[in-house]
Amino acid sequence: MNAVQNATVTAMKLEGVSKLYGPVVALDNVSFELRKGEFLTMLGPSGSGKTTSLRAIAGFIQPTSGRLSIDGRDMTFVPPQKRNIGMMFQDYALFPHMTVLANVGYPLETRGIKRTEREKRSMEMLEIVGLAHCAQRYPKEMSGGQQQRVALARALVFKPDIVLLDEPMAALDKKLRGQMQIEIMHITRQVGATVVSVTHDQEEALVMSDRIAIFKEGRLEQLGTPHELYLQPRSEFVADFIGEANLLRGDVRSTGEGVFVEGNGWMASLPKSDPRYATLSKVQKACVVLRPERICLAPAGPLSPNSAEGVIEDKIYLGVEYRLVVRMSDGGKVNLRSRDVASVAAMSAGDRICMTWTVDDIVVIGA
Ligand code: ADP
Ligand code: MG
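The paragraphs below set out a description of the structure included in this document.

The rules behind the values
- Going along each chain's sequence as written, the residues are numbered from 1 onward.
- Each chain takes a letter, starting from A, and each ligand takes a number, starting from 1, following the order in which they are written.
- Residue-level local features of this predicted model are given only where pLDDT is at least 70; pairs of side-chain atoms are given and counted only at 80 or more, and the full residue set underlies all totals for whole chains, interfaces and linings.
- Each side-chain value is derived from all of the structure's non-hydrogen atoms; neither hydrogens nor water enter the calculation.
- Whether a residue is near a molecule or strand depends on its heavy atoms: if one lies within 4 Å, it is near.
- Nitrogen and oxygen atoms within 3.5 Å of one another constitute a polar contact, given that in protein one can donate a hydrogen and the other can accept it, and given that sequence-neighbouring residues count only through two side-chain atoms.
- The accessible surface values rely on the Shrake-Rupley method and a 1.4 Å probe; as for residues, cover is taken only from the protein chains in view.
- Each helix corresponds to a stretch of at least 4 residues labelled H or I by DSSP, and each strand to a stretch of at least 2 residues labelled E; elements are numbered beginning at the N terminus.
- One bridge is not enough; two strands pair if DSSP finds at least two bridges between them.

## With respect to the site of ligand 1
Next, step 1: Every residue lining ligand 1 is accounted for by Y21, V24, A26, P45, S46, G47, S48, G49, K50, T51 and T52.
Next, step 2: At 2.6 Å from an oxygen atom of ligand 1 is found a main-chain nitrogen or oxygen belonging to G47.
Next, step 3: At a separation of 2.5 Å, an oxygen atom of ligand 1 approaches a polar side-chain atom of T52.
Next, step 4: Alone, ligand 1 offers 560 Å² of accessible surface; in the complex the protein occludes 61% of this.
Next, step 5: Elements represented by at least two residues in the shell around ligand 1 include exactly β2 (24-35) and α2 (50-58).
Next, step 6: It is α2 that contributes the most residues to the shell around ligand 1, three residues altogether.

## With respect to the sheet that holds strand β1 (residues 10-21)
Next, step 1: Read from one edge to the other, the open sheet built from four strands follows the order β2-β1-β4-β5, with strand pairing classed as antiparallel. Every interior strand has two partners, whereas the edge strands, β2 and β5 (73-74), have only one.
Next, step 2: Across eight bridges, the pairing between β1 and β2 is antiparallel. By the bridge assignment for β2, V17 is matched with V30.

Here it is as structure tokens:
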């Protein structure tokens, strides 16, 4: 099956899954579909329900309500060993007394695969993760990154329907983490694995994922490609969680010409014809999401639609761009980045300036 056909095949489906621990709602009515061959990351702050979701998928916990199916089969109450799922955790949990080859072959052994076949398939997997030359070593003779690749090989060797990764990079230092993110992404794509990963690191999610599911307080806030989440966040939480965002909260005013969201010294003007903003005239408060790199600078002047006035508070030169912090008249701060290095060089802290944008540069979220 080619990648395009794959993209539409459902590997797993969660329907209204909730998990209660006494009064604690660990998961609250979570529904989504995982597609065959995709790399999906569950991203959210600590305590948002990521690990609970992963455990429900693996079968270590049973949902209080809701349904889970894999390849169209109801799996809600099927025990873990009867689900064809591979797993890799942050502490790789390699067996210290077994060689690398035996570690990778272990899931095949438990499935009754004979030794010759087991070793052949384990070696093939070690080739893929670039560790065939370490087959006879023991885990303690391997570096952290190598041990992690062994754990990945072990999670993939029996061709699981789904591979689960729980905070896979947490035990690695920052530099190695960056390399492993890219390696794991390449290896899982190469073997066509369907992956659900968990992290609280937004950069890791952006680097590795086809789609990201953002969790907050046990609920699925939004699921989409990194691009969709960045360009069309549906809540302030998502706007703030993916990338850097200025959140300008203001009053909504609707006139014959259009809808305006405004505060002291700033105004966003939205065409009424835009379907995204059709319901905005029904609310009183809204939040304008303004990305730092989408703001243009102009000399201070009378306030026009889609602009804000302010005073430069900090100006930091970073070679490729300037970063500015601008204090607005309503007291709020705006962070912006400008690659118009020549123009910004002529500005100083304390200067009054005007920031402008177009309708396409912003997202407005009704409160
Ligand atoms: P995350 O992985 O996103 O950090 P978890 O899924 O581990 O979050 O936890 C979600 C919520 O459920 C948290 O409030 C956590 O304290 C609670 N929780 C998780 N497991 C248990 C448990 N076994 N007993 C009681 N509460 C739990
Ligand atoms: Mg967790």
